[in-house]
Amino acid sequence: MPNNQTPPYSPKSYKFSSSRRPLNYIFNEQRFLFVLVGIMIGSIIFIFQPSLSAITPTTTTFHINSHVMPSMPRSMSISHRERPTIHHRPTSRIPGGIIQRRMRTVVTGGAGFVGSHLVDALMARGDEVIVIDNFFTGRKENVAHHLDNPRFELIRHDVVQPILLEMNVVSFGNSSTFGIHDSSRHKTNVIGTLNMLGLAKRIKARFLITSTSEVYGDPLEHPQKESYWGHVNPIGVRSCYDEGKRTAETLTMDYSRTEGVEVRIARIFNTYGPRMCLDDGRVVSNFVSQTLRKQPMTIYGDGKQTRSFQYVSDLVDGLMALMEGKHIGPFNLGNPGEFTVLELAQVVKETIDPNATIEFKKNTADDPQKRKPDISKAKELLNWEPKIQLRDGLPLMMLDFKNRILKGGGDIDK
Ligand SMILES: O=C(O)[C@H]1O[C@H](OP(=O)(O)OP(=O)(O)OC[C@H]2O[C@@H](n3ccc(=O)[nH]c3=O)[C@H](O)[C@@H]2O)[C@H](O)[C@@H](O)[C@@H]1O
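The paragraphs below set out a description of the structure included in this document. (Residues numbered from 1 in each chain as written. Predicted model: local features only at pLDDT ≥ 70, side-chain atom pairs only at ≥ 80, totals over all residues. Heavy atoms only, no water.)

**Overview of the environment of Lys387**
As a reminder of what qualifies: Strands here are runs of E lasting at least two residues and helices are runs of H or I lasting at least four, both read from the DSSP assignment and numbered beginning at the N terminus. When accessible area is computed with a 1.4 Å probe and restricted to protein chains, residues below 20% of their type maximum are described as buried, those above 50% as exposed, and intermediate ones as partly exposed. Throughout, a residue-residue contact means that at least one pair of heavy atoms, one from each residue, lies within 4.5 Å.
Inspection of the secondary structure puts Lys387 in the loop between helix H10 (376–382) and helix H11 (390–406). Accessibility expressed as a relative area gives 62% for Lys387, which makes it exposed. Discounting chain neighbours no more than four positions away, the residues touching Lys387 are Asp314 and Asp317.

**Examining the side chain of Gln305**
For the record, the criterion: Side-chain atoms alone can form a polar contact between residues adjacent in sequence; in general such a contact is a pair of N or O atoms within 3.5 Å, and within protein one must be able to donate a hydrogen while the other accepts it.
Here Gln305 is to be found in the loop between strand E11 (297–300) and strand E12 (306–308). According to the relative accessible area criterion, Gln305 is buried, its value standing at 5%. Engagement of the side chain of Gln305 in a polar contact is seen with the backbone oxygen of Tyr300, the distance being 2.9 Å. A polar atom in the side chain of Gln305 sits 3.2 Å from the backbone nitrogen of Gly303. Those residues in contact with Gln305 that sit more than four places away from it in its chain are Tyr300, Phe339, Thr340, Val341, Asn363, Asp367, Pro368 and Gln369.

**Let's talk about the packing of aromatic side chains**
Filter applied, for reference: The rule is short: rings of Phe, Tyr and Trp, with Trp giving its six-membered ring, pair when the centres are within 6.5 Å, and they are stacked under 30 degrees, edge-to-face over 60, tilted in between. Charge over a ring is defined by NZ of Lys or CZ of Arg lying within 6 Å of the ring centre and within 35 degrees of the ring normal.
The tally for this structure, following the rule as stated, stands at 4 aromatic pairs. Taken together, a centroid distance of 6.0 Å and an interplanar angle of 20° make the contact between Tyr216 and Tyr228 stacked. Here the residue Tyr216 occupies a position in the loop between strand E8 (206–212) and helix H6 (239–259), and Tyr228 occupies one in the loop between E8 and H6, the gap between them amounting to 12 residues. By relative accessible area, which is 1% here, Tyr216 ends up buried. On the numbers, 6.2 Å between centres and 40° between planes, the contact of Tyr216 with Phe269 is tilted. Of this pair, Tyr216 sits in the loop between E8 and H6 while Phe269 sits in the loop between strand E9 (263–268) and strand E10 (271–272); the two residues are 53 residues apart in sequence, bridging distant segments of the chain. Assigned by exposure class, Tyr216 and Phe269 land together as buried. Here the guanidinium or amino end of Lys140 rests over the ring plane of Phe135, the centre of that ring lying 5.6 Å away.

**A look at H6**
Basically, it comes down to this: Multiplying 1.5 Å by the helix residue count minus one yields the expected span of that helix.
The first and last C-alpha atoms of H6 sit 28 Å apart over 21 residues, in line with the 30 Å expected at 1.5 Å per residue. Inspection of H6 places Ser239, Tyr241, Asp242, Gly244, Lys245, Ala248, Glu249, Leu251, Thr252, Met253, Tyr255 and Ser256 among the buried residues, and these make up the whole buried set. In the core, the buried residues of H6 are packed alongside helix H5 (183–203), E8 and E9. A positive backbone phi angle near 75° is found at Gly260, which sits one or two residues after H6.

**Here we look at the nonpolar core**
How we decide: Buried Ala, Val, Leu, Ile, Met, Phe, Trp, Tyr and Cys residues form a nonpolar core when they are joined through side-chain atoms within 4.5 Å.
Val129, Tyr272, Val284, Phe287, Leu319, Leu333 and Leu394 are the most contacted members of the largest nonpolar core, which totals 52 residues. For this core, the element with the most residues is helix H8 (residues 312–324), which contributes 7 residues. With near-sequence residues (within four places) excluded, Phe287 lies in contact with Met297, Thr298, Ile299, Val341, Leu344, Ala345 and Val348. Val106, Leu199, Tyr255 and Val263 belong to the second-largest nonpolar core, a separate cluster that totals 24 residues.

**Quick notes on the packing of helix H9 (residues 341–351) against H11**
The test is simple: To get an axis, a line is fitted to the C-alpha atoms, and for a helix only the part in contact is used. The angle between two axes follows their N-to-C directions and goes from 0 to 180 degrees. With respect to orientation, any angle under 35 degrees is reported as roughly parallel, any angle over 145 as roughly antiparallel, any angle of 65 to 115 as roughly perpendicular, and every other angle as oblique. Here a crossing is called left-handed whenever its near helix is offset anticlockwise from the far helix by less than a right angle, and right-handed whenever the offset is clockwise. Residues are grouped as follows: nonpolar covers Ala, Val, Leu, Ile, Met, Phe, Trp, Tyr, Cys and Pro; charged covers Asp, Glu, Lys and Arg; every other residue, Gly included, is treated as polar.
Two numbers describe how H9 lies on H11: the axes approach to 10 Å, and their chain directions differ by 60°. As judged from the angle between their axes, H9 and H11 are oblique. Regarding H9 and H11, the two cross each other, and that crossing is right-handed. Between H9 and H11, the contacting residues are Leu344, Val347, Val348, Glu350 and Thr351 on the first element and Leu390, Arg391 and Leu394 on the second. Of the residues belonging to the contact of H9 with H11, the class tally is 5 nonpolar, 1 polar and 2 charged.

This is the structure in structure tokens:
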């Protein structure tokens, strides 16, 4: 450029020709003070606002493995023994208003009886829900009402095979097959639990396992507290299920202690309600189906053995409280109202058909003689207790069974 020419206009060199000018700009007109005040307000929000969200959506896995013992409650698995400390995974935090919080939850066995009711509750809460089910006992009809919802996905898969998904919560449970206590249920409980725990570990999801009152076996303590270690025959006809669930609890606690997976464990007691398989061999579904079909109710043994029956919506409330709370468990989730099988038959007769009849049959081996949950721990720590008593719950279940039987539903209708 010739010396006598005027340099072209340059706003940058003009404005910042002196290194002091940017600083002057910041300090002029109290701009620096405004910046400081902004930083302080931001920090206060981060520290004190309880609704801070994780940067990524929170993931939970509900593991309800797909075939276990005859009732659906056993389907969901989560369990362990008393444990005082909880692992909290470090998460990046940002104010709730900046990124909307949405949980992505996987429910294994989510098309089954308990699983599908849990899915309803999660969908109502606004979660994204992925259901994994092998449809051995689960039915698409149970989740059909969510199929058009963009927050819902359904995957046919057996959790005995590994699967990789992105989510925040894994709920693992298992459904049932006709009271057959075979090794495939054991496989689901052990290998399925391992696979889902591995998944939860990889993606830092919370893991809820639905275990069962069967871990107490034929109990010598009554009612059963979570601290009771149980009385299980390791080589009996029920042991594949009972020991499978006990192993699942063991694995869950081990992953919590050694791998830092955040886990929750529920021990589910006998549960009934709409969407149970019509002929899954469990006593409530058997009695209701038999009565509606004008067949005698089959009582195994002398009918003096006891069970405590919980309505499914109470169980779902308990599972949600467990998943959202900070306590690992295990927690007994059941209704302490205890009935002999003969008394249950009487209630079915009174609430469904006064002309219902009974017939006695030989009982199966190792049938627990008594079962009743002590739920004081869940009452105190989860602020949960069941609300629906047997006489109120049975008619609700009966309506659903009636519709399905009228439509010609038979054994495990898929
Ligand atoms: O929900 C639970 O905690 C557990 O309940 C069931 O085990 P069980 O308690 O034996 O449940 P049912 O098969 O419904 O039997 C309950 C009682 O009723 C009797 N029963 C069953 C069916 C029937 O038609 N008649 C009858 O008298 C059984 O012999 C037993 O004493 C399941 O097998 C477990 O998977 C589950 O974890």
